[in-house]
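Architecture at a glance
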Amino acid sequence: MNPPPANSELAYRRILLKLSGEALMGERDFGIEPDVIRRVALEIGEVVAAGAQVGLVIGGGNIFRGIALAPVGLHRTTADQMGMLATVMNALAMQDVLEREGVAVRVMSALAMPELCETLERRRAVQHLQRGRVVLFAGGTGNPYFTTDSAASLRGIEIDAELVLKATKVDGVYSADPLGNPAAVRYTRLTFNEVLEQQLSVMDTAAFVLCREQNLPLRVFDMNKPGALMRILRGENEGTLIEGGENP
């Protein structure tokens, strides 16, 4: 297939989107809410049609959270491996929904599963992106003791993404938990150092430091806001942008 034409209106041409597994549950306690995953797929399809290249990392917390079982006796390595398998399940589900919406997509796993998906290889992933395919990165980093936040930062760096987008339940980074503190202030822009100095909750530290070391901008936003993804790619001030340098 031919890739979508480049769109001069887009501020970013290649992004890495990090979506939590919990975000797919909707109002459920477990699993995937069909309406939610379809809405996310439609938003992704919209930006791909506009010419954006999209890599996607989905967590597995809607199916299995290994970190929750490790304290009760399950070895952390085994628990994390089970969590990585959950990310593959979510990626296969998203692939199916995207394809039904007419979006070309490939699942690439850090764990070799040739009967289910391609094994991750950086050059091949970039080729898929250049051909207009969404690339779903599954299997985490392929190693225990690393979160899918770390996988998102790592894959963003590997594919030379211009921006890592972390979709959350709130519309950016706040000075405190906005769900428990109505006086919390939302930041529109921060530097990497400010986030670390103020110990703000963005993503796990290892993942965050990877972005900082590679000077890869990070934007935290609410995926539940209709059209938010497209607004970001057009350069609009949605959520919180975190990048190097000093604030004006």
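My aim in this report is to walk through the structure given alongside it, one point at a time. All of these numbers come straight from a predicted model, not from anything done at the bench.

Rules and cut-offs
- Residues numbered from 1 in each chain as written.
- Predicted model: local features only at pLDDT ≥ 70, side-chain atom pairs only at ≥ 80, totals over all residues.
- Heavy atoms only, no water.
- Core = buried A, V, L, I, M, F, W, Y, C linked by side-chain atoms within 4.5 Å.
- Buried < 20%, exposed > 50% of the residue type's maximum accessible area, 1.4 Å probe, protein only.
- Helix = DSSP H or I, 4+ residues; strand = E, 2+ residues; numbered from the N terminus.
- Contact = heavy atoms within 4.5 Å.
- Pairing = 2+ DSSP bridges.
- Polar contact = N/O pair within 3.5 Å; in protein donor to acceptor, adjacent residues only side chain to side chain.

Remarks on the nonpolar core
One finds Ile44 and Met94 to be the most contacted residues of the largest nonpolar core, which totals 41 residues. Of all elements in the fold, only strand E1 (14-19), helix H1 (34-49), strand E2 (53-58), helix H3 (76-100), strand E3 (105-109), strand E5 (134-138), strand E6 (163-168) and helix H8 (228-233) reach the threshold of two or more residues within this core. Counting residues per element, this core draws most heavily on H1, which supplies six residues. Apart from the residues lying within four places of it in its own chain, the contact partners of Ile44 are Leu17, Val54, Leu56, Leu98, Val134 and Leu229. Of all hydrophobic cores here, the second largest spans 27 residues; its members include Val57, Met108, Phe192 and Met203.

Some thoughts on the sheet that holds strand E11 (residues 240-243)
Backbone hydrogen bonds hold the strands of a sheet together, and the pairing may be parallel or antiparallel. Strand order in the open sheet made by the nine strands is E4-E3-E5-E2-E1-E6-E10-E11-E9, with mixed pairing throughout. Where the open sheet ends on each side, the last strands, each with one partner, are strand E4 (118-119) and strand E9 (189-191). Of the strand pairs in this sheet, E1 and E2 are connected by six bridges, and their pairing is parallel. In the strand pairing of E2, Leu16 is matched with Gly55.

Some points on the side chain of Glu194
Its location among the elements puts Glu194 in helix H6 (residues 192-198). A polar contact is formed between the side chain of Glu194 and the backbone nitrogen of Thr191, at a distance of 2.9 Å.

Observations concerning the pairing of strand E10 (residues 218-222)
Of all five residues that make up E10, five are buried, and the element is covered over most of its length. Neither face of E10 is left uncovered, since the one carrying Leu218, Val220 and Asp222 and the one carrying Arg219 and Phe221 both have all their residues buried. The sheet contact formed by E6 and E10 spans five bridges and is parallel. Residue pairing for E10: Val164 is matched across the bridge by Leu218. Here three bridges tie E10 to E11, and the two strands are oriented antiparallel to one another. Paired with Val220 across the strands is Thr240, a residue of E11.

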